[in-house]
Amino acid sequence: MRRSLVQSGPPMKLAVIGGGPSALYVTSRLLSLLKNEPNIRVHVYDRLWSPYGLVRYGVAPDHPEVKNCTHKFDETAKDPRFRFFGNIEVVPTPPFGSIPRLPSTRLGHAVQLPVSSILPYYTHLLLSTGCTLPTLHPTILPSALCIPALSLVHWYTSHPSNPPTPPLHQKPHVSIIGAGNVSLDVARILLTPPSLLSGYDLPRHVLEVLNRSTVKHVSILARRGPLEAAFTAKELREMMNIPGTSMKHIPSDLLAPPPDVKVTRQQSRILQLLQKGSKEKYGTTEKTWSVDFFRSPTQLSSAAGETKGDLPLTLTLSHTALDPTTHASVPTGITSQLHTSLVVTSLGFQADPSSTPFYDPQLRRFRTLPGGRVVENQDGRVIKNVYGSGWAAGGAKGVLASTMMDAYNVAETMVEDLVASDATDSVASPSSYIGVQNGGVERGEEDSEKRDILEIMNPSASLYSLPPEIASALPERKVVEFKDWKKVDGEEVKRGQESGKERERMGWEEVKDFLGLKPAWK
Amino acid sequence: MLSTCFLSFASRNSQLTGSLTLVSRHGEIQRPKPGTGVKLHFKDSKGNDIKTVEVNEGDDILSIAHEHDIDLEGACEGSVACSTCHVILPPEYYDLLPEPEDDENDMLDMAFGLTDTSRLGCQVKITKELDNMAVTLPAATRNMFVDGEGTSSH
Ligand SMILES: Cc1cc2nc3c(=O)[nH]c(=O)nc-3n(C[C@H](O)[C@H](O)[C@H](O)COP(=O)(O)OP(=O)(O)OC[C@H]3O[C@@H](n4cnc5c(N)ncnc54)[C@H](O)[C@@H]3O)c2cc1C
Ligand code: FES
């Protein structure tokens, strides 16, 4: 039977958790697909006070072009159906995840919004919470002289979590564990002459520390070989071209692929770059770097008692080889020691259980079907109108281009489901996605598995109402809306221009002053 | 209930990509007088025609796509830093173009569905020789994360 218009509510009132590129690409696609549909609302919540996620607080300062994608997001934000609520942290509530919060990940000033408060106010939910925690090394844990790469990234981007300033004074030798693009970002920032960085979006306090830095060598430790390295040619080429810096020669036997292995285009270009080496010759420069392949650190000890001066740390490196069938790194039994001054772990990122709704401990993120539909657990029900996208749904892999494509797929799935439910509303009410199939909309194979549906959203949510926490935080000026962000954005650029740089970032305290916001804590 | 226009979109179902109008940035380039420009045929990943357009020499494929509301993304706005403007050209036309520079190849490495005749749309400038070239947009891949094909680069 046909539902009446009054009962059926708006076609879509969507709450998006996370305001990073994935969230904003989904939103952009949705709003353009539903261009002629006025009764749509998209409310994006981020625990940070600003939008753009890792594009603002991840992408390296000397990659300003990458940040051009924000222009598209700003266009999307002009849509009157869109609203951004910054400084709002969504917290999982039972039964949608209830793991106690880790103090290290809490943003003290953000307004807490329980998931349970969101559900009655929205017809749809999109989880785009990213992977906000660094993956730690199993035995080499963070300490004053062993810091996750993400802390360094947060430091040089002035992330609101306020990480400590890394100790770069009297630290001639830095070891980075892991060989991905984030490792190279960090290495590049540590090795590039600060004078070449000063025009970029790098906070003044960071430049001051870099100016005093005594880092002379960065050693990048890769568990496997050059064919398995996760960094890309672009970032590697940038390393090769840093003025006043050179790469230590890599033994040529390491750069010859095994005879039976067919290398991909990407791999052969990486090999060529490594073979060719750095622009400046090793031995002629003050600063150097190396990639040490087939070295897996197993232990970090600090030289207590004996004075090792500037190299107080010793990393025990297990020399590894590649298992020919599994391609995993296996120890050869040989070990060596590397004396170093500072260790940075760059081993990837993972979802934070304490800020990720529907977190599945087994998968270590929430679980989605292809297309982004969220399911309760491995064999569980499809949670109707709840979707996930980006790093939160797929794990921390890929670049913005892949994040964008995934986001578009999710937006298209959402619209297909919307269309399907609209069609079935007029025919019969679906009891599962099979029901939807019968409703006449062709669906991909991926959905043919029959799952029951769990309904938690409110199909007749009002277009205009807001969760009570938000309704009260708004007049208390604890929320940063998009127009507020744009004011800050303009001011940051203006302050930057005054000192000849792209922008001068504001921290939360300055933002509060500038916008006249009240502190969100008592 | 959804509006009629919306439902007409819906009947096209999953063939969404390639036919949508995104935020367009018109006015970046000039359109030639009809009958005087170089012809380009934009096609979707399946080879279906999207649009044939007439363009001026010197314009790049990304700007042309934007001018004509063709769904080619340019996340870094032509700075060779994103690979979202990836297009596939016919071999006979590909060979007429100067070789891609290193920076373009570096970004192509990360392009999804890379072929031997892939280029970045923002780096291909139109010349008379390219008249009647087909420009194919790569498949918008569904479920790339699930298929495990997303590049792991962190
Ligand atoms: C250091 C680094 C550098 C990178 N550099 C590049 C590059 O140069 N080029 C490139 O193409 N790609 C780069 N990438 C990859 C790119 O950043 C990712 O592809 C992309 O950011 C993933 O988008 P996302 O929206 O899924 O996640 P994110 O960008 O992480 O966004 C997630 C958002 O969700 C918010 N959030 C999380 N939990 C909650 C909660 N409970 N409540 C409210 N909000 C919440 C977070 O604050 C964040 O803003 C880089 C990644 C990293 C880590
Ligand atoms: S638009 Fe980014 S590479 Fe062409």
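Residues numbered from 1 in each chain as written. Chains lettered and ligands numbered in written order. Predicted model: local features only at pLDDT ≥ 70, side-chain atom pairs only at ≥ 80, totals over all residues. Heavy atoms only, no water.

Caption draft 1: Summary view of the confidence of the model for chain B. Residue and element names in this part refer to chain B. Averaged over all residues, the pLDDT of chain B is 81; the fraction at 70 or higher stands at 73%. Across residues 4-24 the pLDDT falls below 50, and counting only partners more than four positions away or on other chains, this stretch makes 45 contacts in the model. Across residues 142-152 the pLDDT falls below 50, and counting only partners more than four positions away or on other chains, this stretch makes 29 contacts in the model. Scoring the predicted complex yields pTM 0.91 and, for the interface, ipTM 0.87. (pLDDT = per-residue confidence, 0-100. Contact = heavy atoms within 4.5 Å.)

Caption draft 2: Quick peek at the packing of helix α2 (residues 21-33) of chain A against helix α4 (residues 69-77) of chain A. Residues and elements named next belong to chain A. Following both chains from N to C, one finds α2 and α4 inclined at 50°, their axes separated by 10 Å at the closest point. On the basis of their axis angle, the class for α2 and α4 is oblique. Crossing of α2 against α4: the hand is left-handed. Along its contact with α2, which presents Pro21, Leu24, Tyr25, Thr27, Ser28 and Leu31, the element α4 presents Cys69, Lys72, Phe73 and Thr76. Within the contact of α2 with α4, the residues separate by chemical class into 6 nonpolar, 3 polar and 1 charged. (Axes fitted to C-alpha atoms, helices over the stretch in contact; angles between N-to-C directions. Helix = DSSP H or I, 4+ residues; strand = E, 2+ residues; numbered from the N terminus. Parallel < 35°, antiparallel > 145°, perpendicular 65-115°, else oblique. Left-handed = near helix turned anticlockwise from the far one by under 90°. Nonpolar A, V, L, I, M, F, W, Y, C, P; charged D, E, K, R; others polar.)

Caption draft 3: Spotlight on the pairing of strand β20 (residues 382-388) of chain A. Residues and elements named next belong to chain A. By the criterion of burial, β20 is predominantly enclosed, with 6 of the 7 residues buried. Here strand β6 (residues 124-127) runs beside β20; their pairing, made up of 3 bridges, is parallel. Following the sheet pairing, Leu126 is matched in β20 by Tyr387. Of the strand pairs in this sheet, strand β19 (residues 373-375) and β20 are connected by 2 bridges, and their pairing is antiparallel. By the bridge assignment for β20, Arg373 is matched with Tyr387. (Buried < 20%, exposed > 50% of the residue type's maximum accessible area, 1.4 Å probe, protein only. Pairing = 2+ DSSP bridges.)

Caption draft 4: Examining the pattern of salt bridges more closely. Residues and elements named next belong to chain A. Enumeration over the complete set of coordinates arrives at 40 salt bridges over all chains. Note that Arg503 and Asp489 form a salt bridge whose closest N and O atoms lie 2.7 Å from each other. Separated by 14 residues along the polypeptide, Arg503 in the loop between α17 (482-498) and α18 (508-515) and Asp489 in helix α17 bring together distant segments of the chain. Accessibility assignment for this pair places Arg503 and Asp489 in one class, buried. A single salt-bridge network, built from bridges that share partners, covers Arg56, Lys67, Asp74, Asp201, Lys486, Asp489, Glu492, Arg503 and Arg505. (Salt bridge = Lys/Arg side-chain N within 4 Å of Asp/Glu carboxyl O.)

Caption draft 5: Region of interest: the pairing of strand β12 (residues 287-292) of chain A. Residues and elements named next belong to chain A. Of all 6 residues making up β12, 5 are buried, and the element is well covered by its neighbours. The pairing of strand β11 (residues 245-247) with β12 spans 3 bridges and is classified as parallel. Paired with Met247 across the strands is Trp289, a residue of β12.

Caption draft 6: Structural view of the site of ligand 1. The environment of ligand 1 is made up of 34 residues, and the closest members are Asp46, Val90, Trp391, Leu400 and Thr403 of chain A. Neighbouring residues of ligand 1 are not confined to one chain but are distributed across chains A and B. Within the backbone of Ser355 of chain A, an N or O atom sits 2.8 Å from a nitrogen atom of ligand 1. Calculation on ligand 1 without its partners gives an accessible area of 1,000 Å², and the protein chains cover 96% of this total. (Near = heavy atom within 4 Å. Polar contact = N/O pair within 3.5 Å; in protein donor to acceptor, adjacent residues only side chain to side chain. Areas by Shrake-Rupley, 256 points an atom, 1.4 Å probe, with all protein chains shown as cover.)

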